[in-house]
Protein chains: 2
Amino acid sequence: MKPGHSDPEGETTARLLRELGYKVEEVGVSKVYNVVVLADSKDEALMKAEEMCKRLLANPTKDNYTILVEGEE
Amino acid sequence: MKPGHSDPEGETTARLLRELGYKVEEVGVSKVYNVVVLADSKDEALMKAEEMCKRLLANPTKDNYTILVEGEE
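Here the structure is a predicted model, which means the values were calculated and not measured. (Residues numbered from 1 in each chain as written. Chains lettered and ligands numbered in written order. Predicted model: local features only at pLDDT ≥ 70, side-chain atom pairs only at ≥ 80, totals over all residues. Heavy atoms only, no water.)

Student: An account of a nonpolar patch on the surface is needed here, citing residue identities and associated values.
Tutor: Taken together, the side chains of Leu16 and Leu20 of chain A together with Leu56 of chain B define a hydrophobic patch exposed on the protein surface, amounting to about 190 Å² of accessible area. In this structure, Leu56 of chain B sits in helix H2 (residues 42–57). (Patch = residues over 30% accessible without salt bridge, like charges linked within 9 Å, V, L, I, M, F, W, Y side chains within 5 Å. Areas by Shrake-Rupley, 256 points an atom, 1.4 Å probe, with all protein chains shown as cover. Salt bridge = Lys/Arg side-chain N within 4 Å of Asp/Glu carboxyl O. Helix = DSSP H or I, 4+ residues; strand = E, 2+ residues; numbered from the N terminus.)

What follows is the structure, given as structure tokens:
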């Protein structure tokens, strides 16, 4: 979530946990996409993942994201 | 997601990425709750997190989960 944007799901979760008795200060909710993609190199996989984020996965107005590439022969 | 349960969001995301031209084999979607909670020790924090998962955060029928505790003085 970019700074200045609210996280309604996190806020609701924090409230519910407090109602259950937990001393919760804050809850942030984020999503992980584990994408298995064919690529010739880790660099190519990273470039594709970056594109996927921009074209589909991330909302440019409010979402921050990080990409982690893992290899497999 | 526990074995045998489908991940409709992952399947839809995989389909959309393929329609955009990516050679995607599979997409799994999961959620991360970053909970800031007051506790006297890491052990207590872990116990509370385990409880929170059972009582609210995880769906016992279909969700697998892992817990990571980070400390702060």
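Text resumes after the structure shown.
Student: Tell me about the interface of chain A and chain B, residues and numbers included.
Tutor: Taken together, the contacts link 28 residues of chain A with 28 residues of chain B. Taken together, the two surfaces of chain A and chain B that pack against each other cover about 2700 Å², and 62% of this comes from carbon and sulfur. Scanning the region where chain A abuts chain B turns up two salt bridges. Glu9 of chain B is paired through a salt bridge with Lys31 of chain A; the nearest N and O atoms lie 2.6 Å apart. Of all the elements, strand S1 (residues 24–37) of chain A adds the most residues to the side of chain A that touches chain B, at 14 residues. For the side of chain A that touches chain B, a count of residues per class yields 16 nonpolar, four polar and eight charged. In terms of strand pairing, S1 of chain A meets strand S1 (residues 24–37) of chain B through 13 bridges, oriented antiparallel. The residue bridging Val35 of chain A from the neighbouring strand is Val27 of chain B, located in S1 of chain B. (Contact = heavy atoms within 4.5 Å. Buried area = accessible area lost by both parts, 1.4 Å probe. Nonpolar A, V, L, I, M, F, W, Y, C, P; charged D, E, K, R; others polar. Pairing = 2+ DSSP bridges.)

Student: Outline the relation of the copies chain A and chain B, listing residues and values.
Tutor: With an RMSD of 0.0 Å, chain A superimposes on chain B once it is rotated by 180° and translated 0.0 Å along the axis. Each copy turns onto its partner about a two-fold axis. Across chain A, the smallest distance between a C-alpha and the rotation axis is recorded for Lys31 of chain A, namely 2.3 Å. Interface residue correspondence from chain A to chain B reaches 100%, placing this contact among same-surface, isologous pairings. (Least-squares fit on C-alpha atoms with pLDDT ≥ 70 in both.)

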